[in-house]
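One-letter residues, chain by chain:
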Amino acid sequence: MSRRSGFTNSPLATRSIISPNKTSGRDAILGITPHVTAGTGTAAGTAEWLARPTTKASANYVIGGDGAVVLGVDEKDRSWCTSSTANDKNAITIEVCNTVAAHPWPVSDKALDTLVDLCTDICRRNNIAALKFIRDDKSLAGKWSEQNLTLHRWFANKACPGDYLISLYPAICKEVNSRLAGNAPKQISKDNPAPVVRPVLRNGSNGGAVKELQAKLNAHGASPALSVDGGFGPLTEAAVRAFQTAKGLLVDGVVGSQTWAALDKAPQAVTPPPAPTPAPEQPASEEFINADEAIAFWMSVGVIGSPAYWQNKVKEVPWLGKLLNAQAEYARMK
Ligand SMILES: [Zn+2]
């Protein structure tokens, strides 16, 4: 039996809404790329949208907030999902609907538990021995034997699959691998802290979220440092705008999902401006003991320039610099 004819689909999918946005055939299934939809739709609604030719995107599976699974592209075919042909040739792609369409892009507990079920099933049917996640590191792309849970954000300027799901990848892999080893399934959502969803903050906002914002702005080097008082006033707004400018974000002074996401990243060490390169310590020419003697020499060998010209040169530049300049000028004019 050829490898191609060995491809199967997951029995967890209760519906098929096959998208035309795909490429027939694929390479061996070596890993899984979960995505988030950045929307709160259902699995079927999302799959229908992905099946429109104008969407020009697809996924092998879609998981809804209720845990429903819809097949969008047969596993034997390559979905158009991860902004990387190479990735999608080797990965099964899964779109997971969000519960809140904002950073950190949370998903429901039912969707999370279904994602674990589906990942386990994909590994079993495709002889993937273990699901592996080391870290969110693009240099691991294509190194399927090291890390076969891959991330859309490696291949496009996107948050996908979002910080919430990524924070759960170690737990997802642990549970999938436990099941692959024959252990009884557990629902990882049971031990899972509720995702923190940040409110949109602007001038006039107040409370605990503003305190968190002010502390994070300070950690990112707000200057002057803000007092962490929970009141979003002009100073906080100025710090937000400075931060947005530094990060290349839309500069509107409003803290939405993009700004929160940037604030949640580790602050970069403030890089001091490079120290001016000191002039190399040139030993003074042994031929001259002072500027006057050097000037006399340049004049004597016929370098163009009046004594006044050279006197000004002496004032303009310190002795070593003047000598070097004079030497260069001499070479040029000679
Ligand atoms: Zn994605």
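A brief structural summary. (Residues numbered from 1 in each chain as written. Predicted model: local features only at pLDDT ≥ 70, side-chain atom pairs only at ≥ 80, totals over all residues.)

## Some points on the sheet that holds strand β3 (residues 31-36)
Formally: We treat two strands as partners when DSSP finds at least two bridges between them. Numbering of helices and strands runs from the N terminus, with a helix taken as a DSSP run of H or I at least four residues long and a strand as a DSSP run of E at least two residues long.
An order of β1-β5-β4-β7-β3 is seen for the five strands of this open sheet, with the pairing classed as mixed. Each end of this open sheet is capped by a strand with a single partner; those strands are β1 (15-16) and β3. Where β1 and strand β5 (residues 69-71) come together, two bridges link them in parallel fashion. For S16, the partnering residue across the bridge sits in β5 and is L71.

## Overview of the nonpolar core
The test is simple: A set of buried residues qualifies as a nonpolar core if it consists of Ala, Val, Leu, Ile, Met, Phe, Trp, Tyr and Cys joined through C-beta atoms within 7 Å. We call a residue exposed when 12 or fewer other C-beta atoms sit within 10 Å of its C-beta, buried when the count reaches 20 or more, and partly exposed for counts in between; the C-beta positions come from the backbone. Once C-beta atoms are placed from the backbone, any two residues with those atoms within 7 Å are in contact.
With 44 residues, the main nonpolar core has Y61, I63, V70, I94, L115 and C119 as its most contacted residues. Leaving out residues up to four positions away in the same chain, I94 has contacts with I32, P34, H35, A59, N60, Y61, I63, L115 and L118.

## Description of unusual backbone geometry
Looking along the chain, the bond that leaves H103 and enters P104 is cis, with omega of 5°. Among the structural elements, P104 can be located in the loop between β7 (91-96) and α3 (109-125). Residues C160 and P161 are joined by a peptide bond in cis, for which omega reads 5°. Following the sequence through the fold, P161 ends up in the loop between α3 and α4 (162-180). For K56, which is not glycine, the phi dihedral falls at a positive 55°. Mapped onto the elements of the fold, K56 is located in the loop between α1 (43-50) and β4 (61-63). Given 11 C-beta atoms within a 10 Å radius, K56 is considered exposed. With phi around 60°, S83 is a residue other than glycine that occupies positive phi space.

## Comments concerning the packing of α3 against α4
Note the cut-off: Only the stretch in contact is used when a helix axis is fitted, and all axes are lines through C-alpha atoms; the angle between N-to-C directions ranges over 0 to 180 degrees. Any angle that is under 35 degrees is reported as roughly parallel, and any over 145 degrees as roughly antiparallel; angles of 65 to 115 degrees are reported as roughly perpendicular and all others as oblique. What makes a crossing left-handed is the near helix being turned counterclockwise from the far one by less than a right angle; a clockwise turn instead makes it right-handed. Note on residue classes: Ala, Val, Leu, Ile, Met, Phe, Trp, Tyr, Cys and Pro are nonpolar, Asp, Glu, Lys and Arg are charged, and everything else, Gly too, is polar.
For the pair α3 and α4, the least separation of the axes is 9 Å and the interaxial angle reads 50°. In terms of orientation, α3 lies oblique with respect to α4. You can see that α3 and α4 cross each other, and the crossing is right-handed. In contact with L112, L115, V116, C119, T120, C123 and R124 of α3, α4 contributes L168, I172, E175, V176, R179 and L180. For the contact of α3 with α4, the residue count by class is nine nonpolar, one polar and three charged.

## Some thoughts on the environment of T14
Within the fold, T14 resides in the segment before β1. It is 7.8 Å that separates the C-alpha atoms of T14 and L71, two residues lying 57 residues apart in sequence. When residues no more than four places from it in sequence are discounted, the contact partners of T14 are A68 and V69.

## Examining the environment of L112
Residue position: L112 is located in helix α3. Along the chain, L112 and L168 lie 56 residues apart, while their C-alpha atoms are 9.1 Å from each other. Ignoring anything within four residues of it in the chain, the contact list for L112 reads V107, L168, I188, S189 and N192.

## Some remarks on the pairing of β7
In terms of burial, β7 is a largely internal element, six of the six residues being buried. Where burial is concerned, the two faces of β7 agree: the one with A91, T93 and E95 and the one with I92, I94 and V96 are both buried. Sheet topology note: the β3/β7 ladder contains six bridges and is parallel. By the bridge assignment, V36 is partnered in β7 with V96.

## Some remarks on the pairing of β3
The side chains of a regular strand alternate, residue by residue, between the two faces of the sheet. With respect to burial, β3 is a largely interior element, six of its six residues being buried. Alternating residues of β3 divide into G31, T33 and H35 and I32, P34 and V36, and every residue in both groups is buried.

## Topic: α3
Residues spaced three or four apart along an α-helix point in a common direction, a consequence of the helix completing one turn every 3.6 residues. Stated precisely, the cut-off is as follows: Take the number of residues in a helix, subtract one, and multiply by 1.5 Å to get its expected span.
The first and last C-alpha atoms of α3 sit 24 Å apart over 17 residues, in line with the 24 Å expected at 1.5 Å per residue. When you tally the buried positions in α3, you get 13 out of 17 residues, the bulk of the element. Of the residues trailing α3, N127 is marked for its positive phi of about 55°.

## Quick look at α4
So the rule is basically this: To obtain the bend at a residue, axes are fitted to the seven residues ending there and to the seven starting there, and the angle between these axes is taken.
Here α4 is 19 residues long and its end C-alpha atoms lie 26 Å apart, about the 27 Å a rise of 1.5 Å per residue gives. Residue Y169 marks the point of greatest curvature in α4, where the axis turns by about 45°; the proline P170 follows within four residues. Buried within α4 are the following residues: G162, D163, Y164, L165, I166, L168, Y169, I172, C173, E175, V176 and R179. If you follow the buried residues of α4, they end up packed against β3, α3 and α7 (257-264). Just downstream of α4 lies G182, where phi reads positive at about 100°.

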